[in-house]
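For reference, the chains in residue letters:
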Amino acid sequence: MKVPSSSRKRYLGGADWCVAALRQGTLETTGRPTTFHVAVFVAGNPDPARLQDRFQDYCARFPLLWGRPARCWCLAPYWKSPADATARKASFRHGTDFGPATPATVVRRIEELASDPDRLRGCAVALELLQGPAADDALVFSFDHLLFDAAGAERFIDLFCRFADGQAAATEFPDPQVPEPAQLDQWGKRFASGQKLNRALRELLPGATANLELPADARRRPFRFRVLSLTADETRRAQEQAFATAGYLMFTPYVLATAAATFQPRFAGRVAADADFVVTVSTSRLRPPGERAPHVFFNDLSFLYFGLPVAQAGERDAMARILRDQMIAQVKTGMPAAIEDSNLLMRILPPRAFWKFMFTFFRNRLSSFALTCLGDPLLKTATVLGCAIRTHVHYPVMPAPPGLGLILNRSGDVYHVVLSYLEGVLPEDEVATLLDEFRQRLLNGAPQPQ
Amino acid sequence: MAIPMDDVLLKLKEHVAFLLGVDASGIAADQPLHLLGLDSMGFVDLLVFIEKQFGLSLMNSGLSQDDFASLAVLANRIAGSLQS
């Protein structure tokens with residue numbers, strides 16, 4: 001059964017609905033949705049009035065930014081867009097009361113934005129210019145994950161930067177209303193994919209899951225971020241270590257093994273001795289042949305699930321190879337496609353029911369922590385409003401539970417590593433040393449004794 | 001089943017272009033795969049593609065990074081394996 005989309009209606013995919021479910025779960029647990037933020041650090045001071053004008057002009061070209069999820073008669077959820085957005089203004093704020101736009105200042109401000117439940121009320125994107133008494137500023141974009149994934153957000157910012165400088169051709173603007181089929185057919189096939197996924201997960205994850213307790217007052221706790229920025233030389237060394245340890249181009253399994261080894265002592269004292277790490281890794285989706293190229297809007301994601309015993313997670317190199325083999329096995333047996341297929345079927349449920357179903361489906365074993373390694377940067381433009389772009393960093397709110405995760409994004413020739421967590425999931429003194437240890441393990445192996 | 005190296009290279013370029021969402025003409029045959037923009041997931045998918053398309057399992061065949069120095073080198077290796 002194929003249902004054509006109208007010009008104001010775009011069917012949501014399986015990944016979109018999975019994000020909607022995690023968003024709903026986080027909303028119920030913490031009182032806030034899962035937003036994500038991208039800071040673009042620039043050399044110079046963009047003119048605030050001109051930036052606001054260009055940003056709001058740019059956003060008005062995309063009415064779907066003011067859209068919302070709705071349900072079709074065929075049960076498929078879709079994104080309902082307003083007919084016109086010319087009179088609408090996307091949220092822009094000129095922040096001058098935070099001091100110089102240093103990385104530390106930007107983190108503090110993003111923690112406030114991420115913890116604000118109304119940050120993106122009504123519109124899926126917002127911009128704040130952090131401008132202090134210094135030569136450099138930062139543009140902080142906030143995104144609703146329902147409409148953007150990290151790659152789409154980078155494409156959106158990239159196009160905005162060129163639009164702001166008058167460099168974007170009309171043909172570059174994406175058509176967000178390209179018709180998509182409802183994809184609520186082939187129920188038997190999608191049920192079978194769900195069964196396949198269930199069996200694979202039971203095989204992969206036989207033991208109890210290592211989960212840290214969320215704080216009892218989670219609704220009052222802010223989302224926190226810690227940032228580690230590698231140098232270009234450190235980035236190259238990390239990549240070489242990954243290739244030598246886990247195999248050519250196996251950066252994600254290597255980073256995951258490094259993260260597990262770093263988290264291990266922090267989990268070991270708090271979970272059962274035989275508990276397994278269960279880690280959700282979001283990746284770019286492997287598109288079936290014939291599908292059009294990735295787009296700016298909506299989620300083009302897939303997920304992989306990894307399992308490893310907490311007790312053995314300290315053995316980074318062995319773990320990297322085990323995780324690599326798990327990754328190969330999952331791709332080879334079509335797990336990403338099975339996940340997507342079963343998620344397409346799960347769209348018949350409201351997000352709240354889907355979120356509760358996840359707990360049942362995973363036998364109350366949602367992931368121990370989350371990991372995302374973004375690939376090559378898609379924000380490639382060198383300037384915005386005449387100011388050189390120095391670097392950009394992603395700050396995603398992690399779904400809670402587990403309320404803990406790492407994201408790596410590349411900007412130019414360096415990697416930024418961001419630890420994202422709900423305050424109280426880990427003690428602050430342990431958080432303070434975590435990224436230093438991660439860096440040492442990423443570059444060298446075991447951390448040096450303090 | 002012998003397949004000319006140029007045909008292997010063309011299929012590899014088309015698949016990598018598909019994975020990266022770009023035109024095949026923009027894929028350089030002489031660049032290392034990690035400089036083309038492939039990540040772990042894309043690389044594993046390429047290996048699965050090679051297994052399905054050419055019947056060669058490269059995952060546990062002891063290939064070194066040198067064998068993946070570029071798509072041209074990889075195509076040469078695949079064409080050589082298919083001949084022997």
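Quick caveat: nothing in here was measured; it's all calculated off a predicted structure.

## Considering the overall build of chain A
Thinking step 1. The number of helices and strands found in chain A is eleven helices and 15 strands.
Thinking step 2. Over its C-alpha trace chain A gives a radius of gyration of 21 Å, about what one expects of a compact globule, namely 22 Å for 450 residues.
Thinking step 3. Viewed in the frame of its principal axes, chain A has a C-alpha envelope of about 60 × 60 × 45 Å.
Thinking step 4. Per-residue burial over chain A gives 59% buried out of 450 residues.

## A closer look at unusual backbone geometry
All names here are of chain A.
Thinking step 1. Omega for the bond connecting A400 with P401 falls within 30 degrees of zero, at -5 degrees, which places this linkage in the cis form.
Thinking step 2. With respect to the helices and strands, P401 occurs in the loop between β13 (387-396) and β14 (404-411).
Thinking step 3. Omega for the bond connecting P401 with P402 falls within 30 degrees of zero, at 5 degrees, which places this linkage in the cis form.
Thinking step 4. Position of P402 among the secondary structure elements: in the loop between β13 and β14.
Thinking step 5. For F298, which is not glycine, the phi dihedral falls at a positive 75 degrees.
Thinking step 6. Along the chain, F298 falls in the loop between β9 (276-284) and β10 (301-309).
Thinking step 7. By relative accessible area, which is 2% here, F298 ends up buried.

## Observations regarding the sheet that holds β9 of chain A
Residue and element names in this part refer to chain A.
Thinking step 1. Judged by pairing direction, the sheet is mixed, and its six strands sit side by side in the order β8-β15-β14-β11-β9-β10 without closing on themselves. Edge strands, defined here as strands with exactly one partner in the open sheet, are β8 (223-229) and β10. Taking the axes of each pair of neighbouring strands and ignoring which way they run, one obtains an average angle of 20 degrees across the sheet.
Thinking step 2. Relative to strand β11 (residues 369-373), β9 runs parallel, the two sharing four bridges.

## Quick notes on the confidence of the model for chain B
Residues and elements named next belong to chain B.
Thinking step 1. When pLDDT is averaged along chain B, the result is 85, and 93% of the positions lie at 70 or above.
Thinking step 2. Taken element by element, chain B is modelled with least confidence in helix α2 (residues 33-36), mean pLDDT 86, and with most confidence in helix α1 (residues 5-20), mean pLDDT 90.
Thinking step 3. For this predicted complex, the interface confidence comes out at an ipTM of 0.87, alongside a pTM of 0.92.

## A few points about the nonpolar core
Thinking step 1. Membership of the largest hydrophobic core comes to 107 residues, with the highest contact counts inside it found for F263 and F277 of chain A together with L12 of chain B.
Thinking step 2. Non-local contacts of F263 of chain A, meaning those with residues more than four positions away in its chain, are made with F277, F369, L404, L406, L419, L426 and L434 of chain A.
Thinking step 3. Ranked by size, the runner-up nonpolar core spans 66 residues in total, among them C18, A85, V125 and M358 of chain A.

## Re the environment of A353 of chain A
Thinking step 1. Inspection of the secondary structure assignment puts A353 of chain A in helix α10 (residues 351-361).
Thinking step 2. Classification of A353 of chain A as partly exposed rests on a relative accessible area of 32%.

## Re the pattern of salt bridges
Residues and elements named next belong to chain A.
Thinking step 1. Using the criterion set out here, one finds 28 salt bridges over all chains in the structure.
Thinking step 2. The partner of D136 in a salt bridge is R390, and the shortest N-O contact between them spans 3.2 Å. In this pair, D136 sits in strand β7 (residues 136-144) while R390 sits in strand β13, placing the two residues 254 residues apart along the sequence.
Thinking step 3. Classification of R390 by relative accessible area gives exposed; the value is 55%.
Thinking step 4. With a closest N to O distance of 3.2 Å, R266 and E437 form a salt bridge. With a gap of 171 residues between them, R266 in helix α7 (residues 251-268) and E437 in helix α11 (residues 428-444) connect regions that are remote in the sequence.
Thinking step 5. Owing to a relative accessible area of 6%, R266 belongs among the buried residues under this scheme.
Thinking step 6. Ionic contacts of the salt-bridge type, sharing partners, join the residues E111, D217, R221, R224, R226, E423 and E428 into one network.

## Things to note about the interface of chain A and chain B
Thinking step 1. At the junction of the two partners, chain A supplies 25 residues and chain B supplies 19 residues.
Thinking step 2. Carbon and sulfur atoms supply 69% of the area that chain A and chain B bury against each other, a total of about 1900 Å² over both sides.
Thinking step 3. Joining chain A to chain B, the criterion identifies one salt bridge.
Thinking step 4. Here E51 of chain B and K332 of chain A are joined by a salt bridge, their closest N and O atoms 3.2 Å apart.
Thinking step 5. Counting across the interface, chain A meets chain B through six residue pairs in polar contact (both at pLDDT 80 or more).

Calculation criteria
Residues numbered from 1 in each chain as written. Chains lettered and ligands numbered in written order. Predicted model: local features only at pLDDT ≥ 70, side-chain atom pairs only at ≥ 80, totals over all residues. Heavy atoms only, no water. Helix = DSSP H or I, 4+ residues; strand = E, 2+ residues; numbered from the N terminus. Rg over C-alpha atoms; globule rule 2.2 N^0.38 Å. Buried < 20%, exposed > 50% of the residue type's maximum accessible area, 1.4 Å probe, protein only. Pairing = 2+ DSSP bridges. Axes fitted to C-alpha atoms, helices over the stretch in contact; angles between N-to-C directions. pLDDT = per-residue confidence, 0-100. Core = buried A, V, L, I, M, F, W, Y, C linked by side-chain atoms within 4.5 Å. Contact = heavy atoms within 4.5 Å. Salt bridge = Lys/Arg side-chain N within 4 Å of Asp/Glu carboxyl O. Buried area = accessible area lost by both parts, 1.4 Å probe. Polar contact = N/O pair within 3.5 Å; in protein donor to acceptor, adjacent residues only side chain to side chain.

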